[in-house]
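Residue-level structure breakdown
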Amino acid sequence: RADPLEWISLIKYARHMFTMTLHGALFSIIFRRPFSIVDGDRPLPKVLDLLKHLGLESRLVKSGLPLRPEEIECIDYQTTEPRLTALRASSLQYLRDILA
């Protein structure tokens, strides 16, 4: 088991991150690491929504199936950056609105 700092460090320096969690996906994106979301037994609505908003639907892989090259290739974060910036702006505006 990794403590929080070690867990974040493992993601930051990973060559490729395989995760089933929203936090794993978010930190992979923050650190601009290649990642794949493993679709397991439980639904992943928040993760799927994030992938859709960022145009990264190809990062979803089926558990137990062989990986296709596009599922593990590097991510061009320059193309996702404008979408990520828009999501951040929307989130900040939402917080300003509800805290005002």
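So, here is what we can say about the structure in this document. (Residues numbered from 1 in each chain as written. Predicted model: local features only at pLDDT ≥ 70, side-chain atom pairs only at ≥ 80, totals over all residues. Heavy atoms only, no water.)

Moving on: the overall build of the protein chain. Looking only at helices and strands, the protein chain has 5 helices and 3 strands in total. For the protein chain, the succession of helices and strands along the chain, N to C, is α-β-α-β-α-β-α-α. When its C-alpha atoms are laid out on the principal axes, the protein chain stretches across 50 × 30 × 30 Å. Put simply, the protein chain has 100 residues, and 27% of those count as buried. Residue pairs in contact within the protein chain that sit at least 24 positions apart in sequence constitute 38% of those at least 6 positions apart. Here the protein chain displays about 7100 Å² of accessible surface, and carbon together with sulfur accounts for 60% of that area. Each charge sign in the protein chain was given a centre, from 14 positive and 12 negative side chains, and these centres are 3 Å apart. (Helix = DSSP H or I, 4+ residues; strand = E, 2+ residues; numbered from the N terminus. Buried < 20%, exposed > 50% of the residue type's maximum accessible area, 1.4 Å probe, protein only. Contact = heavy atoms within 4.5 Å. Areas by Shrake-Rupley, 256 points an atom, 1.4 Å probe, with all protein chains shown as cover. Lys, Arg positive; Asp, Glu negative; His and termini not counted. Charge placed at Lys NZ, Arg CZ, Asp CG, Glu CD.)

In an α-helix, one turn spans 3.6 residues, which is why side chains three or four residues apart end up on the same side. Among the residues of helix α2 (residues 22-30), those classed as buried are Gly24, Ala25, Ser28 and Ile29. Looking down the long axis of α2, one finds its buried residues gathered within 130 degrees of arc, a one-sided arrangement. Residues of α2 that are buried sit in contact with α1 (4-12), β1 (17-19), β2 (35-39), α3 (45-54) and α5 (77-99). Just past α2, the residue arginine 32 takes up positive phi, approximately 55 degrees. (Arc of directions from axis to C-beta.)

Let's shift gears to α5. Taking 1.5 Å of rise per residue, 23 residues should cover 33 Å, and α5 covers 31 Å from first to last C-alpha, within 8% of that figure. When α5 is considered as a whole, its buried residues turn out to be Tyr77, Thr80 and Leu84. Where α5 is buried, its residues contact α2, β2 and α3. (Expected span 1.5 Å × (residues − 1).)

What follows is about the packing of aromatic side chains. Counted according to the given criterion, the structure contains 2 aromatic pairs. With 5.6 Å between their ring centres and 85 degrees between their planes, tryptophan 7 and phenylalanine 27 make a pair best called edge-to-face. Note that tryptophan 7 is positioned in helix α1 and phenylalanine 27 in helix α2, a separation of 20 residues in sequence. With a centroid separation of 6.3 Å and 25 degrees between ring planes, the pair formed by phenylalanine 27 and phenylalanine 31 is classed as stacked. (Phe/Tyr/Trp six-rings, centres within 6.5 Å; stacked < 30°, edge-to-face > 60°.)

As a further point, take the nonpolar core. Ile29, Phe35, Ile37, Leu51, Leu54 and Leu56 are the most contacted members of the largest nonpolar core, which has 15 residues in total. Contributions of two or more residues to this core are made by α2, β2, α3 and α5. Ranked by the residues each element gives to this core, the list is headed by α3, at 4 residues. Excluding anything up to four places from it in sequence, leucine 56 contacts Phe35, Leu51, Ile75 and Thr80. (Core = buried A, V, L, I, M, F, W, Y, C linked by side-chain atoms within 4.5 Å.)

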